[in-house]
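Descriptive structure summary
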Amino acid sequence: DRDYIESWTQIGCVHSEQEEFDSALGAFKIALDVHPDYPEAHLHRAEVLHQLGRTAEAVSHWQTYLKFVNRGPWAETARQRLAGAETANTADA
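Notes on the structure in this doc start here.

**Observations regarding the pattern of salt bridges**
Tallied over the entire structure, the rule returns four salt bridges. We note a salt bridge from R54 to E57, for which the minimum N-O separation is 2.8 Å. When the shortest N-O distance is used, the salt bridge between E76 and R79 registers 3.6 Å. Of this pair, E76 and R79 both sit in helix 5 (residues 73-92), three residues apart, which is roughly one turn of the helix. In this structure E76 comes out as partly exposed when scored by relative accessible area, which is 37%. A residue is classified by how much of its surface remains accessible, and R79, at 35% relative accessible area, is partly exposed.

Set out below in structure tokens:
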């Protein structure tokens, strides 16, 4: 079912665990096409982008995740990643 966002997010996570990053990003994109505000898909997409060295692309996904989820270990991870991205951008300037 294309509209089952939780399923697409889990499929993306499985692909990510198997280091099939393009497939993971595709699955997360489908989840976000169906529900653009689904926090978990934003978080996992950001993490894959970060793993691929595409941290600048991940920033908006971490920010969106934090709009909806501001507590817990994943929120803290998102904040740390954003701080690291900001530090990297400052160092590059």
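**Thoughts on helix 2 (residues 21-34)**
An ideal rise of 1.5 Å per residue puts 20 Å on 14 residues; helix 2 measures up with 20 Å between its terminal C-alpha atoms. Listed as buried for helix 2 are F21, A24, L25, A27, F28, I30, A31 and L32. Residues of helix 2 that are buried in the fold lie against helix 1 (5-17), helix 3 (39-51) and helix 4 (55-68).

**Some thoughts on the packing of helix 2 against helix 3**
Relative to each other, helix 2 and helix 3 sit at 155 degrees, their axes nearing to 9 Å. Our classification of the angle between helix 2 and helix 3 gives roughly antiparallel. As for the relative orientation of helix 2 and helix 3, their crossing is left-handed in sense. Between helix 2 and helix 3, the residues in contact are F21, A24, L25, F28, K29, A31 and L32 and A41, H42, H44, R45, V48, L49 and Q51, respectively. For the contact of helix 2 with helix 3, the class distribution of residues is nine nonpolar, three polar and two charged.

Quick notes on the rules
Chains are numbered independently. Their residues run from 1 in the order of the written sequence. Local features are withheld for residues below a pLDDT of 70 in this predicted model, meaning they are given only at 70 or higher, and side-chain atom pairs are given and counted only at 80 or more; totals for whole chains, interfaces and linings count all residues. As a rule here, side-chain values cover all heavy atoms of the structure and leave hydrogens and water aside. What makes a salt bridge here is a side-chain nitrogen of Lys or Arg within 4 Å of a carboxyl oxygen of Asp or Glu, nothing more. By the criteria applied, helices consist of DSSP H or I runs no shorter than four residues and strands consist of E runs no shorter than two, each listed in order from the N terminus. Each residue is assigned to one of three classes by its accessible area relative to the maximum for its type, calculated with a 1.4 Å probe on protein chains only: buried under 20%, partly exposed between the two thresholds, exposed over 50%. To estimate how far a helix should extend, the number of its residues minus one is multiplied by 1.5 Å. Whether two residues are in contact is decided by their heavy atoms: any pair within 4.5 Å suffices. Interaxial angle, 0 to 180 degrees, is taken between N-to-C directions of lines fitted to C-alpha atoms, where a helix line uses only the stretch in contact. For classification purposes, an angle smaller than 35 degrees is called roughly parallel, one larger than 145 roughly antiparallel, one from 65 to 115 roughly perpendicular, and anything else oblique. We call a crossing left-handed when the near helix sits turned anticlockwise from the far one by less than a right angle, and right-handed when that turn is clockwise. The nonpolar class holds Ala, Val, Leu, Ile, Met, Phe, Trp, Tyr, Cys and Pro. Asp, Glu, Lys and Arg form the charged class, and all remaining residues, Gly among them, are polar.

Function-wise, these values are silent; they only describe arrangement.
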